[in-house]
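# A look at the structure
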Amino acid sequence: MLKLGVNIDHVATLREARYRGRLAGEPCPVEAARISEAAGAHGITAHLREDRRHMQDRDIWKLREIVKTRLNLEMANTPEIVALALKLKPEIVCLVPERRQEVTTEGGLDVVANEKALTETCKKMRDAGIEVSLFIAPDAKQIEASARTGAQFIELHTGSFAEAFSKAESGKRKAETELERLITGAEQAHALGLKVNAGHGLNYENLPAMRRVPHLVELNIGHSIISRAVFVGLDKAVREMLALLRGKR
Ligand code: PXP
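Procedures and definitions
Residues numbered from 1 in each chain as written. Predicted model: local features only at pLDDT ≥ 70, side-chain atom pairs only at ≥ 80, totals over all residues. Heavy atoms only, no water. Helix = DSSP H or I, 4+ residues; strand = E, 2+ residues; numbered from the N terminus. Rg over C-alpha atoms; globule rule 2.2 N^0.38 Å. Buried < 20%, exposed > 50% of the residue type's maximum accessible area, 1.4 Å probe, protein only. Contact = heavy atoms within 4.5 Å. Areas by Shrake-Rupley, 256 points an atom, 1.4 Å probe, with all protein chains shown as cover. Lys, Arg positive; Asp, Glu negative; His and termini not counted. Charge placed at Lys NZ, Arg CZ, Asp CG, Glu CD. Core = buried A, V, L, I, M, F, W, Y, C linked by side-chain atoms within 4.5 Å. Phe/Tyr/Trp six-rings, centres within 6.5 Å; stacked < 30°, edge-to-face > 60°. Lys NZ or Arg CZ within 6 Å of the ring centre and 35° of its normal. Polar contact = N/O pair within 3.5 Å; in protein donor to acceptor, adjacent residues only side chain to side chain. Pairing = 2+ DSSP bridges. Axes fitted to C-alpha atoms, helices over the stretch in contact; angles between N-to-C directions. Salt bridge = Lys/Arg side-chain N within 4 Å of Asp/Glu carboxyl O.

### Considerations on the overall build of the protein
Within the protein, the regular secondary structure consists of eleven helices and eight strands. The C-alpha radius of gyration of the protein comes to 17 Å, within 12% of the 18 Å expected for a compact globule of 249 residues. Judged by the C-alpha coordinates and their principal axes, the protein covers about 45 × 40 × 35 Å. The 249 residues of the protein split such that 52% are buried. Put simply, of all contacts in the protein between residues at least 6 apart along the chain, 67% involve residues at least 24 apart. When the accessible surface of the protein is totalled, it reaches about 11400 Å², and 54% of it is carbon and sulfur. Measuring between centres, the 38 positive side-chain charges of the protein sit 3 Å from its 34 negative side-chain charges.

Right, here's the structure in full:
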C-alpha cells in the first residue's frame, strides 16, 4: 500500500513566527508527530535546515525519541548536518538542496553535478544503517546519476505537476505532461533498482492523479495537511489524506 509520510516543518514554522529564540512554544512539532502517527501516518518527515528557521535541534532529538514509525530527516549535504544525522540515526535521510532565500525546498538536487559528494554521503549513511533518498526532478540524467550514488530511494519532485494542476484550464495540459514525466521517471528509477517516493505541493485535490504513477512507496506531504489541520484538526486532516491514498474518497 502507498504510504504517507507527514512533513511537520510547517508546525515549527508557525511556532517560530511567535517564539523564535525561546526554548519552548506552541504549536509543538513533536506533538504533531504523535498525533500524525496515532492517526495512521507511516512516517514523520522533518527538515533540519542549516539556518534552523523552523525545526530546532531539540525538536529533532525529541522526534528521534518518540517516533515509532519511520523518521525521515530532510537535510542538505553539508558536513555539519551529515555529522548530526550520523549521530541521530533516523531510519532514512532525504538529501535536498538548500537555498537561504526560499520559503521551502524549491528545486531538486543536481545529482549529476554533485555525484561524488553525494556518493560519499550515501556510503557514510549506509555504513551507519541509515537509508538515503535523493530529492530530484523526474529527469532521466538525474535518475541515472542517483542510481550510481548508492542511494536506495529517490523522491520525485512533484512541484511542477502540482503547480500546473492548480492553474485553471490552461494548466491542465501541462499538468498531464508533468504527470507523464513522473510516470516515466518512476519507471526508469524502478528499472534501475531504486525505490521511489514523491512529494512537494501535493494536496487533497491533486493527490488522486498521483495514483497513476507506478512503483511509488511513499508520498511526503506537509503544507496541505497542516493547512487543513487549522480548521479540522490534525488527526482528521491525516485520516482524510490516508483515505485519499487508499482511493476511498
Ligand atoms: N518532500 C520534500 C523533499 C520537501 O522538501 C518538502 C517540503 O518542502 C515536501 C516533500 C513537502 O512539501 P509540501 O509541504 O508542499 O507538502
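### Side note on the nonpolar core
Counting residues in hydrophobic clusters, the biggest one holds 73 residues, and the most contacted among them are Met 210, Leu 219 and Ile 225. Sorting elements by how many residues they give to this core places helix 11 (residues 234–245) first, with seven residues. Ignoring anything within four residues of it in the chain, the contact list for Ile 225 reads Leu 4, Val 6, Tyr 204, Leu 234, Ala 237, Val 238 and Met 241.

### Section: the packing of aromatic side chains
Under the counting rule described, the total for this entry stands at one aromatic pair. One cation-aromatic arrangement involves Arg 228 over Tyr 204; the distance from NZ or CZ to the ring centre is 5.9 Å.

### Focus on the side chain of Glu 131
In this fold, Glu 131 is placed in strand 5 (residues 131–136). In this structure the side chain of Glu 131 is engaged in a polar contact, spanning 3.2 Å, whose partner is the side chain of Arg 70. Not counting residues up to four positions away in its chain, the partners in contact with Glu 131 are Arg 70, Glu 91, Ile 92, Val 93, Gln 152, Phe 153 and Lys 195.

### Section: the sheet that holds strand 7 (residues 195–199)
Whenever strands of a sheet pair, they do so through backbone hydrogen bonds, lying parallel or antiparallel. Overall, parallel pairing links the eight strands, which are arranged 1-2-3-4-5-6-7-8 in a closed barrel. Neighbour to neighbour, the strand axes of the sheet diverge by 25 degrees on average, direction disregarded. Strand direction decides the pairing type here: strand 6 (residues 153–157) and strand 7, joined by five bridges, are parallel. Bridging across to strand 7, Glu 155 finds its partner in Asn 197.

### A look at the pattern of salt bridges
With the rule as written, the count across this model stands at 22 salt bridges. Among the ionic pairs, Lys 116 bridges to Glu 120, the shortest N-O distance being 3.3 Å. Of this pair, Lys 116 and Glu 120 both sit in helix 5 (residues 115–127), separated by four residues, roughly a single helical turn. A residue is classified by how much of its surface remains accessible, and Lys 116, at 65% relative accessible area, is exposed. What makes Glu 120 partly exposed here is its relative accessible area of 42%. What emerges from the salt-bridge pattern is a single network uniting Arg 15, Glu 16, Arg 20 and Asp 59.

### Digging into helix 10 (residues 223–232)
Within the sequence span of helix 10, burial applies to Ser 224, Ile 225, Ile 226 and Ala 229. Check the buried side of helix 10 and you find it contacts strand 1 (3–7), helix 1 (9–19), strand 8 (216–221) and helix 11. Trailing helix 10 by a residue or two, Gly 233 shows a phi angle of about 95 degrees, which is positive.

These results come straight from atomic positions and should not be treated as a statement about function.
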